[in-house]
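One letter stands for each residue in the lines below.
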Amino acid sequence: PPAIPEQPAAAEASALDWDGALSNLDGDAALLRELAAMFLVEYPKLTAAIDAAHAGGDAAELRRAAHTLKGAADVIGAGGVVTAAQRLANLGREGRLEPVPEAQRALAAELDRLRPLLQRAASGA
């Protein structure tokens, strides 16, 4: 009988759809690794901007930073981060800052799941 895939693989797939991202870039693995490496450098700046916007009550900046993060995550196939960042962008657009800390925790959890997968992928492992 065919082997039953283990759960972590499914969880990893939802955190990072590398194959999907690769096909969107016409199979350019070098470019995708570069984008993954760039994401690892850039996302802390964007999460810091999200934190600062929330702390300052700046809904427009929250929306902008979260939207930028969503776009960057989308390119590399990081679906979980896309979903979490979209939620933050929506809250910013609606000017609803009260639910933001919970949404930030969800985003942080997704980024924590994503980071090791991206580091592996970016190094070409």
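Residues numbered from 1 in each chain as written. Predicted model: local features only at pLDDT ≥ 70, side-chain atom pairs only at ≥ 80, totals over all residues. Heavy atoms only, no water.

A. Quick look at the overall build of the chain. The secondary structure content of the chain amounts to six helices and zero strands. The order of helices and strands in the chain, counted from the N terminus, is α-α-α-α-α-α. Counting over 125 residues, the chain shows a buried share of 38%. Across the chain, contacts joining residues at least 24 apart in sequence account for 64% of those joining residues at least 6 apart. (Helix = DSSP H or I, 4+ residues; strand = E, 2+ residues; numbered from the N terminus. Buried < 20%, exposed > 50% of the residue type's maximum accessible area, 1.4 Å probe, protein only. Contact = heavy atoms within 4.5 Å.)

B. The arrangement of the side chain of E110 in detail. Within the secondary structure, E110 is located in helix α6 (residues 100-122). Residues contacting E110, with those up to four places away along its chain left out, are G80, V81 and A84.

C. Region of the structure containing the nonpolar core. Counting 38 residues, the largest nonpolar core has F39, L69, V81 and L118 as the members making the most contacts within it. Looking at this core, the elements with two or more residues in it are α2 (18-24), α3 (29-56), α4 (59-75), α5 (79-94) and α6. Ranked by residue count, the leading element in this core is α3, at ten residues. (Core = buried A, V, L, I, M, F, W, Y, C linked by side-chain atoms within 4.5 Å.)

D. Spotlight on the pattern of salt bridges. Here the structure, examined in full by the defined rule, presents six salt bridges. Residue R87 pairs with E102 through a salt bridge whose shortest N-O separation is 4.0 Å. Of the two residues, R87 is situated in helix α5 and E102 in helix α6; the sequence distance between them amounts to 15 residues. Look at R87 and you get partly exposed, because its relative accessible area is 34%. For D112, the salt bridge identified is with R115, shortest N-O distance 2.9 Å. On the criterion of helical spacing, the pair formed by D112 and R115 is a turn pair, its members being three residues apart in helix α6. D112 gets classed as partly exposed once you look at its relative accessible area, which sits at 46%. (Salt bridge = Lys/Arg side-chain N within 4 Å of Asp/Glu carboxyl O.)

E. Structural view of α3. Relative to the 40 Å expected for 28 residues at 1.5 Å per residue, α3 spans 40 Å between its end C-alpha atoms, a close match to the ideal helical length. Of all the bends in α3, the largest measures some 35° and sits at E42, one to four residues before the proline P44. Taken as a whole, α3 has its buried residues at L32, L35, A36, F39, L40, Y43, L46, T47, A49, I50 and A53. Lining the buried residues of α3 we find α2, α4, α5 and α6. (Expected span 1.5 Å × (residues − 1). Bend = angle between axes of the 7 residues up to and from the residue.)

Structural measurements only, silent on function.
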